[in-house]
Amino acid sequence: MTHPDTDTLPFVAPCRRLDLRAPLAWLQLGWRDFRNSEGRSAAFGIAMVLVSWMVSGLAWYFGNLGLLLGMMSGFVLLGPLLAITVYSLSDQLQRGEPPRFRRSVRAVAATVGSAAVFMVVLTIVFLVWARAASMVHVFFPSEGATAARDLWIFLGVGTSVGAVFAAIVFLASAVSLPMLLDKQADAITCVLTSVNAVLRNKPVMFFWAALIVAGVLLGTLTLFVGFVVILPVIGHASWHAYRDCIDASQWPPRDRPPA
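Residues numbered from 1 in each chain as written. Predicted model: local features only at pLDDT ≥ 70, side-chain atom pairs only at ≥ 80, totals over all residues. Heavy atoms only, no water.

## Some details on the overall build of the protein chain
Moving on, step 1. The number of helices and strands found in the protein chain is eleven helices and zero strands.
Moving on, step 2. For the protein chain, the α and β elements follow one another from N to C terminus as α-α-α-α-α-α-α-α-α-α-α.
Moving on, step 3. Taking all 259 residues of the protein chain together, 42% fall into the buried category.
Moving on, step 4. In the form shown here, the protein chain has an accessible surface area of approximately 13600 Å², with 69% of it arising from carbon and sulfur atoms. (Helix = DSSP H or I, 4+ residues; strand = E, 2+ residues; numbered from the N terminus. Buried < 20%, exposed > 50% of the residue type's maximum accessible area, 1.4 Å probe, protein only. Areas by Shrake-Rupley, 256 points an atom, 1.4 Å probe, with all protein chains shown as cover.)

## A look at the environment of L231
Moving on, step 1. For L231, the position within the fold is in helix α11 (residues 227-245).
Moving on, step 2. Along the chain, L231 and V216 lie 15 residues apart, while their C-alpha atoms are 7.7 Å from each other.
Moving on, step 3. Those residues within four positions of L231 in sequence are excluded, and the remaining contacts are F44 and M48. (Contact = heavy atoms within 4.5 Å.)

## Re helix α5 (residues 101-111)
Moving on, step 1. What α5 keeps buried is the set R103, S104, A107 and T111. For α5, the angular spread of buried residues about the axis comes to 105°, placing them on one side. Among the exposed residues of α5, those oriented more than 90 degrees off its buried face are R102 and A109.
Moving on, step 2. The inward-facing, buried residues of α5 abut α4 (84-94) and α8 (176-182). (Arc of directions from axis to C-beta.)

## Regarding the nonpolar core
Moving on, step 1. Judged by nonpolar contacts, the single largest core of 41 residues is most densely connected at W26, M179, M205 and I246.
Moving on, step 2. Of all elements in the fold, only α1 (22-36), α4, α6 (116-136), α7 (148-173), α8, α9 (187-200), α10 (202-221) and α11 reach the threshold of two or more residues within this core.
Moving on, step 3. Residues contacting M179, with those up to four places away along its chain left out, are A13, A185, T189, C190, T193, Y242, A248 and W251.
Moving on, step 4. Formed by seven residues, the second largest nonpolar core is a distinct cluster that contains V49, V86, F227 and L231. (Core = buried A, V, L, I, M, F, W, Y, C linked by side-chain atoms within 4.5 Å.)

## Focus on the packing of aromatic side chains
Moving on, step 1. This model, assessed by the stated rule, comprises four aromatic pairs.
Moving on, step 2. Summarising the aromatic geometry, the rings of W239 and Y242 are spaced 5.6 Å apart at their centres and angled 55° between planes, so their arrangement reads as tilted. Residue W239 and its partner Y242 are located together in helix α11, separated by three residues, close to a single helical turn. Neither W239 nor Y242 differs from the other in exposure class; each is buried. (Phe/Tyr/Trp six-rings, centres within 6.5 Å; stacked < 30°, edge-to-face > 60°.)

Nothing here speaks to function; it is all geometry.
Structure, rendered in structure tokens:
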């Protein structure tokens, strides 16, 4: 297929209208890729569990709940970048190729330059989010008996602040990084494509975001052990969400690294 000159490409890739049940299909495909990845996706999940334990241990050691909230919120921000390895595994499986973690690492390295703008923006949002989480800590009742009303105020403020930042990140990253891995498109185009796709499929994407939040909460309730399966499955499912939602055929494909 011939592709148009990059100067003639649109600002965003067209998105398809999705059925409300689409996120459930993405999860099914994500689970299939997890089982077919020959343990490589599980290795990513194990790494995320170890990082979660380290973050929680540091927050516990320093006795700073605000630090814990900020650093755990960073999973929502940094998770999409780390999940590029999982996207690459799904891409390999979709092409009928045996999954190779080395190829995933090379795919990440190949997209770092294109993702630089996205990473800078994500880092700024993360720093602001961490600062906001520390400020929210002032609402935590630390003296005398803790009244239920004061605790609910703290949880309400923290949840509201986190939801705002999480919504911003979700808008920008829902399908942007899978597209960046798949096509020779710049980060701005991928982010605008992601925002457009979310806004044009609000009910579906809200359902998808709720499933992601539910998965993260479930993994947290298992002392993060559940992340071994939950995070890789979400990563694989996100790849299929991109393939189902976005028509990026006008952009030339990105060269895949050799095995």
